[in-house]
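# Notes for the structure review
Here is what each chain is made of, one letter per residue.
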Amino acid sequence: MHARSMVALTVLAGLALLASSSLYVVKETQTGIRLQFGKIVETDIGAGLHVKIPVYNTVRLFDTRVQTLDTRPSRYLTGDRKGVIVDSFVKWRIVDVTRFYQATSGDQQIAANLIAPRVDQALRNEFGRRSLQEIVSEQRDELMAEPMINLNRALTDEMGISVIDMRVKRIELPTEVTASVYERMRSERQREAREYRAQGQEEGERIRARADRAREILLAEAQRDSEIMRGEGDAIATRTYAEAFGQDPEFFSFLRSTQAYQAAFNSPDDLIVVSPRSEFFRFLDNSSGRQ
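Described in the following lines is the structure provided in the data block. Residue indices follow the written sequence of each chain, beginning from 1 at its first position. Restriction of local features to residues with pLDDT of at least 70 applies here, the model being predicted, together with a cutoff of 80 or more for giving and counting side-chain atom pairs; totals for whole chains, interfaces and linings are based on all residues. Excluding hydrogens and water, the side-chain values take into account all heavy atoms of the structure.

## As for the overall build of the protein
Our working rule: Put simply, DSSP marks the helices as runs of H or I at least four residues long and the strands as runs of E at least two long, and each gets a number from the N terminus on. Exposed residues in this analysis have more than 50% of their type's maximum accessible area, buried residues have under 20%, and partly exposed residues fall in between, with area computed by a 1.4 Å probe over protein chains only. Residue contacts are counted whenever heavy atoms from the two residues lie within 4.5 Å of one another. Where accessible areas are quoted, they stem from the Shrake-Rupley method and a 1.4 Å probe; at the residue level, only the protein chains shown are allowed to cover.
The secondary structure content of the protein amounts to 7 helices and 9 strands. Relative to its full complement of 291 residues, the protein shows a buried share of 24%. Put simply, of all contacts in the protein between residues at least 6 apart along the chain, 61% involve residues at least 24 apart. Approximately 20,200 Å² of the protein is accessible, and the part contributed by carbon and sulfur atoms is 54%.

Given below as structure tokens:
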């Protein structure tokens, strides 16, 4: 009985070993190729459980998710011969596993070593045909659009990978040119500030001139209206006095005399030298017998 158990265990162990060598699993995030003595006999193996012939077949699995390659900051010359330090990254994924395996032997480090120089060359060409002003002022997406298209076309043909995105993280100026660029930017901003101040002063002078002209017009119109109203008032007063004089000349004379007395003796310090028999005092002279 013991011998049979040992045989059964040995058979089961052999079957387990055979199954582990014959079966393999491809995950959802992977794709695979099957090799026969180093030659590709099956490609783009999808997710699931698959069978291979041990020893006779070899299976290589590759990650089909998007990969990120951070390139080292590099110095490029712009179209106007200005040096810039550029830090960038590339996102890529495998789209042709056969071509990728043939180009890199399935090693992602080899793939990164092949991608990095192509990225560097694409950026060097793009920065070399643009001025520093264009690079600083343009949108990053527009700056990287053409290099990404060209790089994607080349890497798809050569390595079976697709460039999903290509971005510049940072653009810096070398130390030796930073001071001169900042000084030029400062001078440009000062020039613009002087222009804005001059425009503001000119506009202010125009506004003040319009306000002064409007003020003079308003004052002149007000003076004119006041003179008209004063003349109309004097005319009304004269007509009223005339009508009053016509109704009772004696009372009108008395009223005008009292107004003259009030104006003449308005202050205790007022002094008038005039004859008591003067017509001015005729309403104050009681010698004539008037009551």
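## Let's talk about helix α2 (residues 97-104)
Our working rule: Relevant arc is that of directions from the helix axis to the C-beta atoms, nothing else. The term polar contact refers here to a pair of N or O atoms within 3.5 Å; inside protein, the definition further demands a hydrogen-donor-capable atom paired with an acceptor-capable atom, and it admits residues adjacent in sequence only when both atoms are side-chain atoms.
Within α2, burial applies to Val97, Phe100, Tyr101 and Thr104. For α2, the angular spread of buried residues about the axis comes to 95°, placing them on one side. Of the residues flanking the start of α2, the one acting as N-cap is Asp96, its side-chain oxygen 3.3 Å from the backbone nitrogen of Thr98. A positive phi of about 60° marks Ser105, the residue just after α2.

## Observations regarding the nonpolar core
Put simply, the test is: Buried Ala, Val, Leu, Ile, Met, Phe, Trp, Tyr and Cys residues form a nonpolar core when they are joined through side-chain atoms within 4.5 Å.
Within the largest apolar cluster, 31 residues are counted, with the highest numbers of intra-cluster contacts made by Trp92, Ile115, Phe127, Ile161 and Met166. Top element by residues in this core is helix α3 (residues 108-128). It accounts for 7 residues.

## Section: the packing of aromatic side chains
Using the following cut-off: Centres within 6.5 Å make a pair out of two Phe, Tyr or Trp rings, where for Trp the six-membered ring is used; the pair is then stacked when the planes are under 30 degrees apart, edge-to-face when over 60, and tilted otherwise.
Overall, the coordinates contain 5 aromatic pairs when judged by the stated rule. Judged by centre distance (5.9 Å) and plane angle (85°), the rings of Phe62 and Phe100 are edge-to-face. Of this pair, Phe62 sits in strand β5 (residues 57-63) while Phe100 sits in helix α2, placing them 38 residues apart in sequence. According to the relative accessible area criterion, Phe100 is buried, its value standing at 0%.

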